[in-house]
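Fold and geometry: a report
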Amino acid sequence: PPSPAPPSDALYRSLGGTPGIERLVDASLARVHADLRINLFFENTDLADLRRLLIEQICAASGGPCVYTGRSMEEAHSGMNLIDEDFNAFVEDLVAAMNEVALAASTQEQVLGLFGPMKPEIVGQ
Ligand code: HEM
């Protein structure tokens, strides 16, 4: 029988591959870090570690050649008691970062399509 089609790396390529994802994550983390609504959550977080894991996660989820080695979203955010407003602030910072690195609207929609479904594992844990 024919082998199944390989997973598409179209989104990974639209993001500019790993260098593009690195720029996006750097722009996002800079905004989150400066965001008085949510930056206290990251007070005790190793930002270099978080940066590496976010890059892996976005690379893997967009079809790139990476393996995510971090914890599950539920585990990573448990005990934070995050609410809708926290999640929305984080997503707002992400959107501002996507505009900053000039991602096309269709690419932005696909990235939000990856992140949106994770909300139930992140909020209220
Ligand atoms: C779709 C949205 C989100 C994604 C994709 C995401 C992704 C991640 C990832 C990959 C990690 C690292 C996991 C690990 O340490 O093994 C992490 C950790 C973390 N996230 Fe999120 N996150 C999201 C939303 C949020 C929100 C809304 C907040 C708070 C406002 C938040 C706060 C944190 C903090 C503080 C850590 C570090 C935990 C620690 O230092 O142990 N995250 N997140």
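Basis of the calculations
- Residues numbered from 1 in each chain as written.
- Predicted model: local features only at pLDDT ≥ 70, side-chain atom pairs only at ≥ 80, totals over all residues.
- Heavy atoms only, no water.
- Salt bridge = Lys/Arg side-chain N within 4 Å of Asp/Glu carboxyl O.
- Helix = DSSP H or I, 4+ residues; strand = E, 2+ residues; numbered from the N terminus.
- Buried < 20%, exposed > 50% of the residue type's maximum accessible area, 1.4 Å probe, protein only.
- Axes fitted to C-alpha atoms, helices over the stretch in contact; angles between N-to-C directions.
- Parallel < 35°, antiparallel > 145°, perpendicular 65-115°, else oblique.
- Left-handed = near helix turned anticlockwise from the far one by under 90°.
- Contact = heavy atoms within 4.5 Å.
- 1 Å grid on protein atoms, 1.4 Å probe; cavity = no way out; pocket = protein on both sides within 12 Å on 5 of 7 lines; lining within 4 Å.
- Points joined across faces, edges and corners; volume = space filled by probe spheres on them.
- Nonpolar A, V, L, I, M, F, W, Y, C, P; charged D, E, K, R; others polar.
- Donors = N, O, S within 2.8 Å, 3.2 Å for Na, K, Ca; no water.
- Near = heavy atom within 4 Å.
- Polar contact = N/O pair within 3.5 Å; in protein donor to acceptor, adjacent residues only side chain to side chain.
- Sits in = over half its atoms within 2 Å of the grid points.

1. Quick look at the pattern of salt bridges
A complete count under the given rule lists 9 salt bridges for this structure. Across the salt bridge formed by R37 and D93, the nearest N and O atoms sit 3.8 Å from each other. Taken together, the positions of R37 in the loop between α2 (17-34) and α3 (47-61) and D93 in helix α5 (residues 84-100) put the pair 56 residues apart, joining distant regions of the chain. Assessed through its relative accessible area of 47%, R37 is described here as partly exposed. In this structure, D49 and R52 form a salt bridge, with 3.4 Å as the shortest nitrogen-oxygen distance. With a gap of 3 residues between them, D49 and R52 both fall in helix α3, about one helical turn apart. Among the residues examined, R52 registers a relative accessible area of 38% and is labelled partly exposed. It is possible to trace a salt-bridge network through shared partners that takes in D35, R37, E92 and D93.

2. Overview of the packing of α2 against α3
Relative orientation of the contacting elements α2 and α3 amounts to 135°, with a least axis distance of 9 Å. By the angle between their axes, α2 is oblique relative to α3. As α2 packs across α3, the resulting crossing turns out to be right-handed. In this structure, α2 contributes T18, I21, E22, V25, D26, L29 and H33 to the contact, and α3 contributes L47, L50, R51, L54, I55, I58 and C59.

3. Examining empty space enclosed by the protein
By the definition in use, this model includes 2 cavities of 30 Å³ or more. Reported here for the largest cavity is a volume of approximately 100 Å³. What lines the largest cavity is simply L24, V25, S28, L29, V32, L54, I58, F90, D93, L94 and F115. A per-element tally of the lining of the largest cavity places α2 first, with 5 residues. When its residues are assigned to classes, the lining of the largest cavity shows 9 nonpolar, 1 polar and 1 charged. Taken as a whole, the second largest cavity spans an internal volume of roughly 30 Å³.

4. Things to note about the coordination of the iron atom of the ligand
On the protein, H77 (NE2) is the one donor atom to the iron atom of the ligand, at 2.0 Å. Here H77 shows up in the loop between α4 (73-76) and α5.

5. Some words on the site of the ligand
For the ligand, the set of nearby residues contains 22 residues, the closest of which are F41, F42, T45, R71 and H77. Measuring from an oxygen atom of the ligand, one finds a backbone N or O atom of R71 at 2.8 Å. Between the ligand and the protein, one listed contact pairs a nitrogen atom with a side-chain N or O atom of H77 at 2.9 Å. Structurally, the ligand is housed in the largest pocket. Those elements that provide at least two residues to the shell around the ligand are α3, α4 and α5. No other element matches the 4 residues that α3 contributes to the shell around the ligand. Class assignment of the residues belonging to the shell around the ligand gives a composition of 16 nonpolar, 4 polar and 2 charged.

It is worth stressing that arrangement in space is one thing and function is another; only the former is reported here.
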